Amino acid sequence: MTKSIANHNLPKPPSGKYPAKDHCRRVAAWIAENGGPSSGVIYLQGQTLKEHEDDDTEQHFRQRRHFYYLTGCELPDCSFAYDIASDTSTLWIPPVDPGYVMWAGMPLLPKEALERYDIDVVLTTDELKSGKAVENMLKKQNETLLVIKDRADLNIFHADSVKHLQPNFDYEWARRSIEQCRVVKDEHEIAMIRHANIVSSYAHQRVQASVSAASNEQELNAVFMLHCHANGCKEMAYGCICAAGTNASTLHYVHNNLPLENKLNMLMDCGAEYNCYCADITRTFPLNGRFTQESRDIYSLVLKMQGECMGMIKAGVMWEDVHMRAHTVAAAGLRELGIFKQNLSVEQILESKVTTRFFPHGLGHYLGMDTHDTGGNANYSDPDPYLAYLRVRGKLPVNSVVTNEPGIYFREFPLRQELKDGKWKEVIDESVLDRYWSVGGVRIEDDVVVKEDGCENLTTVSSKMEDIEALCNGTVEV
Ligand code: GLY
Ligand code: MN
Ligand code: MN
């Protein structure tokens, strides 16, 4: 084997064309089944490439997800139309700009795009500006044009040359249908999420194996990103959360630059993207290679919460029920540890809603092209504190992909304030709680595919305490 920073023993990335045409058909069928128009043209514009203010360098480019879903096209500055009745898809890509080739190289040509993407016709965007392209797209007066509000420049449809072909703009159905269709993944999409998980899981292992050499959160952040990038995942799915000690009690901690000195545990919530599909993985591990007793107590409890929820996940299960199982396990577990008073029943503890102070977020969310993927139907104004932050509501469909990510956090503010005000005096034993503040927070997060009779865990980095300790203290290598 030649020398390499990449790990060539990882499974190869999946091959095959992105099934864009299937997605178009699926979206058209969803619209018709749900009372929308059964003909018309879906018109979408991809993301444009922008420059930084006062500078001609390019901003980071991220393709629009709804556009990618119907095209599989990762290029900037493209447009797309799908004619529902004739089942024909057209992609417009930027033309060759001879002056720009010197800087950016040759762009993809239409005939290459036809081979790469699952699209019927590929043209260039300069053609789109002519009235002819709009005529070909709409064909008749009052055709329904399904667009996403504020996501496309519609001036081409208002040009003088196409005054005789004014469409009926519909701003509702394209977005609704794509968001709902994206919930249920096909084989190709699951293969992408699986690959993002394989690479991210490997990078998590490398992080744990590096912990004895690290002295700052940013070094572990860098180790994660290095091994993702070297193995083909250049983009992070979201900003890494690399939180040492009590920083882990900040759910979306962003600083990632504080010393590890005098901290007990490290929470790493990091996931890479592969071909626009995300992994979202959290591991918590001891910085000195061995969990303290208090950290073990909390780690075991979170693992139990996750395990019991994992056992419930299958097609048709109500996500609220799975989420509440995590709270029930947390209530019983924190009572057993003495943090909640022993004389209380689990029902009484749940009724007090005190577990929302320790497990404040939802159990998980759909995962796909977005980390917090579409179609979850969250209700952030739900007055029930158990449910307000739950990003998925209702039954999980088969082949949806969801995260299972319970956590227990010791967030000093506002809990200390409430304790001072006497709020939880009937429920919390403060003398026991005081032993746990330095644990910070433990979250364990895996990504699972929902099956008819259960679920499949796509995350391959171990969450067993002994495996994590072995990597961190160097008794095993990656
Ligand atoms: N990484 C953000 C989340 O777990 O939802
Ligand atoms: Mn997540
Ligand atoms: Mn996460």
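Here the structure is a predicted model, which is why all the values come from computation and not from measurement. (Residues numbered from 1 in each chain as written. Chains lettered and ligands numbered in written order. Predicted model: local features only at pLDDT ≥ 70, side-chain atom pairs only at ≥ 80, totals over all residues. Heavy atoms only, no water.)

A.B. asks: In this structure, what is going on with the overall build of the chain? I would like to understand it.
C.D. replies: The number of helices and strands found in the chain is 16 helices and 16 strands. Against the 2.2 N^0.38 benchmark of 23 Å for 478 residues, the chain shows a C-alpha radius of gyration of 25 Å, consistent with a compact globule. With the C-alpha coordinates of the chain rotated into their principal frame, the extents come out at 80 × 55 × 45 Å. Long-range contacts, defined as pairs at least 24 residues apart, comprise 73% of the intrachain contacts of the chain with a sequence gap of at least 6. Accessible surface computed for the chain: about 21,500 Å², of which carbon and sulfur atoms make up 50%. (Helix = DSSP H or I, 4+ residues; strand = E, 2+ residues; numbered from the N terminus. Rg over C-alpha atoms; globule rule 2.2 N^0.38 Å. Contact = heavy atoms within 4.5 Å. Areas by Shrake-Rupley, 256 points an atom, 1.4 Å probe, with all protein chains shown as cover.)

A.B. asks: Please clarify how the layout of surface pockets should be interpreted in this entry.
C.D. replies: Here the idea is plain: a probe the size of a water molecule rolls over the atoms and shows the empty space left. Quantified by volume, the largest pocket comes out at close to 750 Å³. Mapped onto the lining of the largest pocket, the elements with two or more residues apiece are α2 (65-71), α8 (187-210) and β9 (273-274). When grouped by side-chain class, the residues that make up the lining of the largest pocket number ten nonpolar, eight polar and eight charged. By volume, the second largest pocket is sized at about 480 Å³. (1 Å grid on protein atoms, 1.4 Å probe; cavity = no way out; pocket = protein on both sides within 12 Å on 5 of 7 lines; lining within 4 Å. Points joined across faces, edges and corners; volume = space filled by probe spheres on them. Nonpolar A, V, L, I, M, F, W, Y, C, P; charged D, E, K, R; others polar.)

A.B. asks: Please clarify how the sheet that holds strand β15 (residues 446-450) should be interpreted in this entry.
C.D. replies: Two pairing modes exist for strands in a sheet, parallel and antiparallel, and in both the strands are linked by backbone hydrogen bonds. Spatially, three strands are ordered β12-β15-β16 in an open sheet, and the strand pairing comes out antiparallel. Bordering the open sheet on either side are β12 (401-404) and β16 (455-457), each of which pairs with just one other strand. Strand-to-strand, the axes of this sheet are offset by a mean angle of 35°, without reference to chain direction. Two strands pair when backbone bridges link them, and β12 and β15 are joined in this way by four bridges, in the antiparallel orientation. Bridging across to β15, threonine 403 finds its partner in aspartate 447. (Pairing = 2+ DSSP bridges. Axes fitted to C-alpha atoms, helices over the stretch in contact; angles between N-to-C directions.)

A.B. asks: What exactly am I supposed to notice about the packing of aromatic side chains here?
C.D. replies: Aromatic ring pairs are defined here through the distance separating the ring centres and the angle between the ring planes. With the rule as written, the count across this model stands at ten aromatic pairs. Summarising the aromatic geometry, the rings of phenylalanine 169 and tyrosine 171 are spaced 6.2 Å apart at their centres and angled 15° between planes, so their arrangement reads as stacked. Accessibility expressed as a relative area gives 24% for phenylalanine 169, which makes it partly exposed. Between phenylalanine 410 and tyrosine 436, the aromatic rings sit 5.9 Å apart at their centres with planes inclined by 25°, giving stacked as the arrangement. (Phe/Tyr/Trp six-rings, centres within 6.5 Å; stacked < 30°, edge-to-face > 60°. Buried < 20%, exposed > 50% of the residue type's maximum accessible area, 1.4 Å probe, protein only.)

A.B. asks: How should the coordination of the manganese ion (ligand 2) be read in this particular structure?
C.D. replies: The expected angle between donors at a tetrahedral four-coordinate metal is 109.5 degrees. At an octahedral six-coordinate metal it is 90 or 180 degrees. Taken together, Asp280 (OD), His365 (NE2), Glu405 (OE) and Glu445 (OE) make up the full set of protein donors to the manganese ion (ligand 2), lying 2.0 to 2.1 Å away. One can describe the site at the manganese ion (ligand 2) as irregular: its six donor atoms subtend angles covering 50 to 157° at the metal. Each donor residue of the manganese ion (ligand 2) lies on one chain, and together they are spaced D-x84-H-x39-E-x39-E. A separation of 3.3 Å is found between the manganese ion (ligand 2) and the manganese ion (ligand 3), both of which receive a donor from aspartate 280. Note that glutamate 405 is positioned in the loop between β12 and β13 (407-409) and glutamate 445 in the loop between β14 (441-443) and β15, a separation of 40 residues in sequence. A relative accessible area of 8% places glutamate 405 in the buried class. (Donors = N, O, S within 2.8 Å, 3.2 Å for Na, K, Ca; no water. Tetrahedral: all angles 85-135°; square planar, octahedral: opposite > 155°, others 65-115°.)

A.B. asks: Just to check I follow, could you spell out the side chain of threonine 71 for this structure?
C.D. replies: Position of threonine 71 among the secondary structure elements: in helix α2. Side-chain polar atoms of threonine 71 contact the backbone oxygen of phenylalanine 67, separated by 2.8 Å. A polar contact of 3.0 Å, which involves the side chain of threonine 71, links it to the backbone nitrogen of cysteine 73. (Polar contact = N/O pair within 3.5 Å; in protein donor to acceptor, adjacent residues only side chain to side chain.)

A.B. asks: Could you clarify how one ought to interpret the environment of alanine 20 in this entry?
C.D. replies: Here alanine 20 is to be found in helix α1 (residues 20-33). Separated by 273 residues in sequence, alanine 20 and glutamine 293 place their C-alpha atoms 51 Å apart.

A.B. asks: Just checking my understanding: could you explain the site of ligand 1 for this structure?
C.D. replies: Ligand 1 sits among Tyr238, Asp269, Asp280, His365, His372, Glu405 and Glu445. Within the side chain of aspartate 269, one N or O atom sits 3.1 Å away from a nitrogen atom of ligand 1. A distance of 3.1 Å separates an oxygen atom of ligand 1 from a polar atom in the side chain of aspartate 280. For ligand 1, the accessible surface in isolation is 200 Å², of which the surrounding protein chains cover 94%. When grouped by side-chain class, the residues that make up the shell around ligand 1 number one nonpolar, two polar and four charged. (Near = heavy atom within 4 Å.)

So yeah, pure geometry; function would need other evidence.
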